[in-house]
Amino acid sequence: MGTTDRVSEAVVHYVRSQSPHRNARGVFTGVFGLVNNLAREGRLSDEQESFRRSNNSWYDAAYPDPSLVAPHVYDDAVNPGAAAWFKPSATHLLARVPGYLEILTAHGVAYESLRSADPGRIIYEDEVQVVVVPHGESTTRGPRER
């Protein structure tokens with residue numbers, strides 16, 4: 001194994017699941033928001049709704065809500081396109097995401113699972129997540145290259 005290989009193994013890859021399409025606010029809705037939208041529309045089965053409520057409560061207790069710690073973190077005027085990404089070390093949090101993805105699949109809701117060593121400019125960080133403004137985002141929104 002060469003030096004380059006050792007360096008690349010140490011690269012942190014943040015993880016996020018989101019809609020592949022921008023919402024009305026111009027951001028990519030995350031997996032939790034997508035499932036919560038289905039619930040608001042009354043589209044979840046009793047079992048799916050039970051999963052959503054139970055796991056949303058578990059997540060609320062398991063890690064900080066960045067918007068409660070830094071109230072302007074998701075303010076579009078200040079941090080356009082801000083999105084949360086899990087750190088790869090947050091395996092206990094990542095372990096529950098597949099249940100949300102199963103709900104999206106069952107309802108035909110498109111999503112993409114992303115990994116990135118550099119998802120954007122970090123504007124908030126705690127032990128399990130970062131919130132970033134994606135590279136190329138500015139107060140004037142336009143199509144984002146992927």
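Check the entry above for the structure.
Calculation rules
- Residues numbered from 1 in each chain as written.
- Predicted model: local features only at pLDDT ≥ 70, side-chain atom pairs only at ≥ 80, totals over all residues.
- Heavy atoms only, no water.
- Salt bridge = Lys/Arg side-chain N within 4 Å of Asp/Glu carboxyl O.
- Buried < 20%, exposed > 50% of the residue type's maximum accessible area, 1.4 Å probe, protein only.
- Phe/Tyr/Trp six-rings, centres within 6.5 Å; stacked < 30°, edge-to-face > 60°.
- Helix = DSSP H or I, 4+ residues; strand = E, 2+ residues; numbered from the N terminus.

Asker: I'm lost on the pattern of salt bridges in this one. Help?
Answerer: Inspection of every chain in the model, using the stated rule, returns five salt bridges. For the salt bridge of glutamate 41 with arginine 43, the shortest nitrogen-to-oxygen distance reads 3.2 Å. Assessed through its relative accessible area of 52%, glutamate 41 is described here as exposed. A salt bridge links arginine 53 to glutamate 49; the nearest nitrogen and oxygen atoms lie 2.7 Å apart.

Asker: Is there a simple way to think about the packing of aromatic side chains in this case?
Answerer: Using the criterion set out here, one finds nine aromatic pairs in the structure. Where phenylalanine 32 meets phenylalanine 86, the ring centres are 6.4 Å apart and the plane angle is 85°; that geometry is what we call edge-to-face. Of this pair, phenylalanine 32 sits in helix α2 (residues 31-40) while phenylalanine 86 sits in strand β3 (residues 83-86), and the two are 54 residues apart along the sequence. In terms of burial, phenylalanine 32 and phenylalanine 86 fall into one category: buried. Centre to centre, the rings of tryptophan 58 and tyrosine 59 are 5.1 Å apart; their planes meet at 80°, and the pair counts as edge-to-face. The partly exposed category is assigned to tryptophan 58, whose relative accessible area is 27%.

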